[in-house]
Amino acid sequence: MKRGIALALFSVGLMALGVTSSFASDTELRAQAQGMFKPIPQAAPQIKDNAATADKVLLGQMLYFEPRLSSSQLISCQTCHNVGLAGADLQETSTGHGWQKGPRNAPTTYNAVFNTAQFWDGRAEDLAAQAKGPVQAGVEMSNTPEGVVAVLKSIPQYVELFGKAFPGQKDPVSFDNMANAIEVFEATLLTPNDALDRYMAGDDNALSADQKKGLELFINNGCASCHDGINLGGSDYFPFGVVEQPGANVLPLDDKGRFKVTNTASDEYVFRSPALRNIALTAPYFHSGKVWSLEQAVAIMGSSQLGMDINDEEVALIVAFLNGLTGEQPVVTHPVLPPSTKTTPKPMLQIGGSAH
Ligand code: HEC
Ligand code: HEC
């Protein structure tokens with residue numbers, strides 16, 4: 001870090017002299033980047049106690065697209081984590097059951113398997129625990145575990161698919177196994193080979209000159225101290241407003257973030273640092289979804305997290321770098337879902353499901 005600070009002072013010095021072209025060599029910059037970030041792997045990671053098989057991944061993919069997991073039978077994971085839209089939904093905050101607005105912006109499901117905990121406040125420890133949340137949330141899918149199991153058991157193809165995905169189990173069609181199957185599918189939603197990863201792997205030309213300057217600013221200004229690792233974020237918690245709390249138009253005062261999970265005063269307005277992979281594709285930004293421009297989001301980060309007034313030129317360079325975090329998007333086919341039967345419960349459209 002000391003070296004980082006020295007380099008930062010050095011580059012600030014250079015810029016004061018009007019010399020902006022002299023940045024670190026590729027060898028130095030690559031070594032710095034490799035010290036802070038890890039590439040997105042090409043293949044899905046193995047999940048502890050939930051081994052992936054082809055049958056389980058296929059079932060998980062079907063369930064991800066399955067609107068009958070919701071009580072209205074209209075809303076699926078895909079509604080808010082659209083695999084044609086980088087795993088997000090382009091909404092300020094998500095719209096769920098009965099057109100209700102949820103309180104937070106939907107983070108992408110892409111690469112989410114690498115986050116240390118799920119949700120803006122980290123309240124779910126992994127993707128399987130996470131998947132049970134939206135199904136039951138009144139403002140999202142508004143269903144119950146019993147409701148889900150009743151639907152799945154009424155459809156013979158699902159009974160067969162659960163049996164294949166969870167062989168040897170007495171009662172494979174369960175809410176837990178729904179979550180386990182979705183988890184192994186989500187672990188396949190990876191976006192490898194973005195410009196940063198190709199640069200780290202040795203391709204000097206993967207990043208443009210501006211993107212390299214942006215990367216250097218990202219590291220030396222301290223962005224990377226909170227946005228690091230495989231996902232450039234998703235690994236630790238920080239107050240939104242380390243130095244200066246943003247206005248209530250960006251940080252609504254009623255959502256105190258991690259405080260609700262830990263009930264500890266120091267966790268007020270603490271959120272997980274979001275993953276920045278594919279960030280250019282997943283506007284709007286912040287848990288409130290109040291900011292639509294990446295430039296503005298970067299400028300806010302400067303003042304709120306670092307106490308720096310990042311000038312427009314530097315903001316543009318950092319944004320150029322962030323554009324280099326768009327990886328190869330997974331191509332996911334919409335599965336054909338098995339038909340309902342006479343015994344399948346009917347859609348329920350009224351509002352008033354359980355609170356989550
Ligand atoms: C109505 C919209 C909606 C639906 C439907 C929905 N989600 Fe979400 N999802 C969200 C929102 C909003 C958040 C953030 C909530 C929070 O942090 O409190 C979220 C968070 C997540 C996260 C955490 C990502 C991270 O980086 O923390 C994952 C993973 C996820 N959802 C997967 C799913 C799966 C799987 C389903 C289907 C079973 C699903 N979601 C259904 C809106 C939705
Ligand atoms: C002290 C930790 C910290 C530092 C330093 C930091 N961030 Fe953040 N960043 C966060 C947290 C926490 C959030 C989530 C804020 C929220 O919405 O609650 C965030 C959000 C973001 C977002 C919005 C992501 C999304 O999905 O909506 C972007 C973009 C971003 N940061 C970029 C940067 C850049 C660029 C820098 C350096 C100029 C930086 N950050 C510095 C912790 C940090």
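What counts, and at which threshold
Residues numbered from 1 in each chain as written. Chains lettered and ligands numbered in written order. Predicted model: local features only at pLDDT ≥ 70, side-chain atom pairs only at ≥ 80, totals over all residues. Helix = DSSP H or I, 4+ residues; strand = E, 2+ residues; numbered from the N terminus. Rg over C-alpha atoms; globule rule 2.2 N^0.38 Å. Buried ≥ 20, exposed ≤ 12 C-beta atoms within 10 Å, placed from the backbone. Contact = placed C-beta atoms within 7 Å. Near = placed C-beta within 6 Å. Nonpolar A, V, L, I, M, F, W, Y, C, P; charged D, E, K, R; others polar. Core = buried A, V, L, I, M, F, W, Y, C linked by C-beta atoms within 7 Å. Domains from an automatic or database assignment. Expected span 1.5 Å × (residues − 1). pLDDT = per-residue confidence, 0-100.

Draft legend 1. Molecular detail of the overall build of the protein chain. Scanning the protein chain from N- to C-terminus turns up 14 helices and 2 strands. Here the C-alpha radius of gyration of the protein chain, 22 Å, is about what a compact globule of 356 residues would show, namely 21 Å. By its C-alpha atoms, the protein chain is 75 × 45 × 30 Å across when sized along the principal axes. Evaluated residue by residue, the protein chain yields a buried proportion of 45% over its 356 residues. Within the protein chain, contacts between residues at least 6 apart in sequence are counted, and of these 72% link residues at least 24 apart.

Draft legend 2. Main features of the site of ligand 2. As a matter of local geometry, ligand 2 sits amid 25 residues, with Cys223, Cys226, Phe271, Tyr285 and Phe286 nearest to it. At the level of secondary structure, the elements contributing two or more residues to the shell around ligand 2 comprise helix H11 (223-226) and helix H13 (294-306). When residues of the shell around ligand 2 are assigned to their parent elements, the largest contribution, 6 residues, is made by H13. Class assignment for the residues of the shell around ligand 2 results in 17 nonpolar, 8 polar and no charged.

Draft legend 3. Here's a closer look at unusual backbone geometry. Cis geometry is found at the peptide bond from Ala283 to Pro284, where omega equals -5 degrees. By the secondary structure assignment, Pro284 is in the loop between strand S2 (270-272) and H13. In the Ramachandran plot, Gln73 falls in the positive-phi region, its phi being about 60 degrees despite a non-glycine side chain. Relative to the helices and strands, Gln73 is located in the loop between helix H3 (54-64) and helix H4 (77-80).

Draft legend 4. Quick look at the nonpolar core. Ranked by size, the top nonpolar core spans 44 residues in total, and within it Leu59, Leu63, Val148, Phe162, Met178, Ala181 and Ile182 carry the most contacts. When residues of this core are traced back to their parent elements, those giving at least two are H3, H4, helix H5 (127-136), helix H6 (145-153), helix H7 (156-165) and helix H8 (175-186). With 7 residues, H8 is the single largest residue contributor to this core. Leave out the neighbours within four places in its chain, and Ile182 touches Gly60, Leu63, Tyr64, Cys77 and Ala131. Of all hydrophobic cores here, the second largest spans 41 residues; its members include Leu215, Ile279, Val319 and Phe321.

Draft legend 5. Up close: the site of ligand 1. In the vicinity of ligand 1 lie 26 residues, with Cys77, Cys80, Gly96, Phe119 and Pro134 positioned nearest. Elements that contribute at least two residues to the shell around ligand 1 include exactly H4 and H5. Of all the elements, H5 adds the most residues to the shell around ligand 1, at 5 residues.

Draft legend 6. Structural context of H5. Burial runs high along H5: 7 of the 10 residues are buried. What H5 keeps buried is the set Leu127, Ala128, Gln130, Ala131, Pro134, Val135 and Gln136.

Draft legend 7. Seen up close, the domain arrangement of the protein chain. Here the domain parsing of the protein chain yields domain 1 (2-36 + 193-323) and domain 2 (54-186). Here the C-alpha centroids of domain 1 and domain 2 sit 30 Å apart. Taken together, the contact between domain 1 and domain 2 spans 24 residues of the former and 20 residues of the latter. Looking at the side of domain 1 that touches domain 2, the elements that each hand over two or more residues are helix H12 (259-262) and S2. Taken together, the residues of the side of domain 1 that touches domain 2 sort by class into 9 nonpolar, 9 polar and 6 charged.

Draft legend 8. Looking closely at the environment of Asp236. By the element assignment, Asp236 lies in the loop between H11 and strand S1 (237-239). It is 20 Å that separates the C-alpha atoms of Asp236 and Ile47, two residues lying 189 residues apart in sequence. Ignoring anything within four residues of it in the chain, the contact list for Asp236 reads Cys226 and Ser273.

Draft legend 9. Up close: helix H14 (residues 312-323). Taking 1.5 Å as the rise per residue, H14 with 12 residues should run 16 Å; its terminal C-alpha atoms sit 16 Å apart, in good agreement. Taken residue by residue, H14 has Glu314, Val315, Leu317, Ile318, Val319, Phe321 and Leu322 as its buried positions. Here the buried face of H14 lies against helix H10 (209-220) and H13.

Draft legend 10. The arrangement of the confidence of the model for the protein chain in detail. Residues of the protein chain with pLDDT of at least 70 account for 92%, and the chain-wide mean is 91. Low confidence marks residues 13-21, where pLDDT is under 50. Its contacts with residues over four positions away, or in another chain, come to 4 contacts.

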